[in-house]
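Listed below are the residues making up each chain.
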Amino acid sequence: RHANTLLPQYLGMYRLTVNDQETYCLIMRNVFSPRLNIHKKYDLKGSTVDRQASDKEKAKELPTYKDNDFINDGINIHVGAESKDRLLETLQADTNFLANLNLMDYSLLVGIHDLDKAEQELNESYAEEENGAVEEDEDSGGSLGGSVPKGGDMPTPPDSPVCPTVDMPFTGEVDPMFEPFAIKCSEDCPRKEIYFMALI
């Protein structure tokens, strides 16, 4: 399907041998974005039998919720008619492919990036940086020295590799090259959100 799929995209497999002990590493493309935080994520199987996150899972910083949590949270995916048709067609093709291989243990991974929450987090981060810069300025007798420059830009060491997508400011548009699993919410969505969906 020329990468028109929600199935995992495999980038490489490596065998490492250390002291005659073999370890295999499988590298897959990240479903989420390198620059947009995920605020909520769900592992959905289409079943409600024993499908809720455990208390241990909920205690994590970013828990993976399940089908009953999705229902109880009242989550709706607002993507518009055209994106919905494209998504359902892709899901149908992918699940038919898995069924033809007699594979059934898979889930739909859904990650939600909340643009309003992200903006609030960014403002709080800037406020913390400015407060930190002011405190350091007072402590050091007026010199900021090696602190983070005002505006939040971190200095990059000369030979440091930089990921262009992480440094790229988000303009409101997803980049299909780096965020292939992203779908923007439709205009009628009550919250500004970006959804990341893939079969895992």
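Residues numbered from 1 in each chain as written. Predicted model: local features only at pLDDT ≥ 70, side-chain atom pairs only at ≥ 80, totals over all residues. Heavy atoms only, no water.

Pairing is mixed in the open sheet, where five strands are placed in the order 4-3-5-7-6. Pairing within the sheet leaves two strands with one partner each, and these edge strands are strand 4 (64-65) and strand 6 (182-184). Relative to strand 4, strand 3 (residues 40-44) is paired through two bridges, and the arrangement is parallel. Bridge pairing in strand 4 links Tyr42 to Tyr65. (Pairing = 2+ DSSP bridges. Helix = DSSP H or I, 4+ residues; strand = E, 2+ residues; numbered from the N terminus.)

When you tally the buried positions in strand 5 (residues 108-114), you get seven out of seven residues, the bulk of the element. Burial along strand 5 is two-sided: the residues Leu108, Val110, Ile112 and Asp114 and Leu109, Gly111 and His113 are all buried. Two strands pair when backbone bridges link them, and strand 3 and strand 5 are joined in this way by five bridges, in the antiparallel orientation. For Lys41, the partnering residue across the bridge sits in strand 5 and is Gly111. Relative to strand 7 (residues 193-199), strand 5 is paired through seven bridges, and the arrangement is antiparallel. When the bridges of strand 7 are listed, His113 appears paired with Ile194. (Buried < 20%, exposed > 50% of the residue type's maximum accessible area, 1.4 Å probe, protein only.)

This paragraph deals with the confidence of the model for the chain. Note that predicted coordinates carrying low pLDDT should not be read in detail. Taken residue by residue, the chain gives an average pLDDT of 82. The fraction at 70 or more is 80%. Confidence drops under a pLDDT of 50 for residues 140-161, and excluding neighbours within four residues, the segment shows 17 contacts in the predicted structure. (pLDDT = per-residue confidence, 0-100. Contact = heavy atoms within 4.5 Å.)

The full count for this structure, using the stated rule, is twelve salt bridges. Across the salt bridge formed by Arg86 and Glu82, the nearest N and O atoms sit 3.4 Å from each other. Taken together, the residues span about one helical turn, with Arg86 and Glu82 both in helix 3 (residues 81-100) at a distance of four residues. Look at the salt bridges and you will find they share partners, linking Asp43, Arg51 and Asp67 into a network. (Salt bridge = Lys/Arg side-chain N within 4 Å of Asp/Glu carboxyl O.)

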